[in-house]
Amino acid sequence: MLQIPKSIQVGNKVLILRPAYVAGKVGVVCSRESLLEGKASNRWLIQVDSDNMLVSLTPQEFQVISP
């Protein structure tokens, strides 16, 4: 079972590093993505502030900038 990284919490503001179409934008962590059978994945759902868009990113694709 994957562990939730301590530095990532729902509600954190994040700077999106990639993919290119959203890189440099700020978003908010909405939740951990879950797989079938309720298993947690290594991806997080991020609401992009400047767009009406929800993206699924790995922890390597964004950086927490504030709690």
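Note that this is a predicted model, so its numbers are computed, not measured.

**Q** Sorry if this is basic, but what is going on with the side chain of R32 here?
**A** Among the structural elements, R32 can be located in strand 2 (residues 26-34). With no salt bridge to any partner, buried R32 finds its closest opposite charge in E33, at an N-O distance of 8.9 Å. Only 2.6 Å separates the side chain of R32 from the backbone oxygen of S41, close enough to count as a polar contact.

**Q** Where do I start with the sheet that holds strand 3 (residues 40-48) in this structure?
**A** Sheets are built from strands that pair by backbone hydrogen bonding, the pairs being arranged parallel or antiparallel. Taken in spatial order, the five strands line up as 4-3-2-1-5 in an open sheet, and their pairing is antiparallel. Each having just a single partner strand, strand 4 (53-57) and strand 5 (62-66) make up the two edges of the open sheet. For this sheet, the mean inter-axis angle between neighbouring strands, taken without regard to orientation, is 45°. Relative to strand 3, strand 2 runs antiparallel, the two sharing six bridges. Note that in strand 3 the partner of S31 across the bridge is L45.

**Q** Before we go on, may I ask you to explain the nonpolar core in this structure?
**A** A general trend in soluble globular proteins is that nonpolar side chains are found buried together. By size, the foremost hydrophobic cluster in this structure holds 11 residues: I8, V14, I16, V22, V29, W44, I46, V48, V55, L57 and F62. Elements that contribute at least two residues to this core include exactly strand 1 (13-16), strand 3 and strand 4. Of the residues forming this core, the biggest block, three residues, is contributed by strand 3.

Conventions used here
- Note that residues are indexed from 1 along each chain, following the sequence as it is written.
- Since the coordinates come from a predicted model, pLDDT governs what is reported: local features require at least 70, and pairs of side-chain atoms require 80 or more to be given and counted, while whole-chain, interface and lining totals use all residues.
- Side-chain metrics in this entry use all non-hydrogen atoms of the structure; hydrogen atoms and water are not considered.
- What counts as a helix is a DSSP run of H or I of at least four residues, what counts as a strand is a run of E of at least two, and both are numbered from the N terminus.
- For the exposure calls, accessible area comes from a 1.4 Å probe over protein chains only, and a residue counts as buried if that area is under 20% of its type's maximum, exposed if over 50%, partly exposed in between.
- Charge counting follows a simple rule: Lys and Arg are positive, Asp and Glu are negative, and His as well as the terminal groups are ignored.
- Each salt bridge in this description consists of a side-chain nitrogen of Lys or Arg and a carboxyl oxygen of Asp or Glu lying within 4 Å of one another.
- Pairs of N or O atoms within 3.5 Å make up the polar contacts considered here, provided that, within protein, one atom can donate a hydrogen while the other can accept it, and that residues adjacent in sequence are counted only when both atoms are side-chain atoms.
- The pairing criterion is simple: DSSP has to find at least two bridges between the two strands.
- Angular values range over 0 to 180 degrees, each being the angle between N-to-C directions of two axes fitted as lines to C-alpha atoms, with helices fitted over their stretch in contact.
- Here, nonpolar core refers to any group of buried Ala, Val, Leu, Ile, Met, Phe, Trp, Tyr and Cys residues whose side-chain atoms link them within 4.5 Å.

Function-wise, these values are silent; they only describe arrangement.
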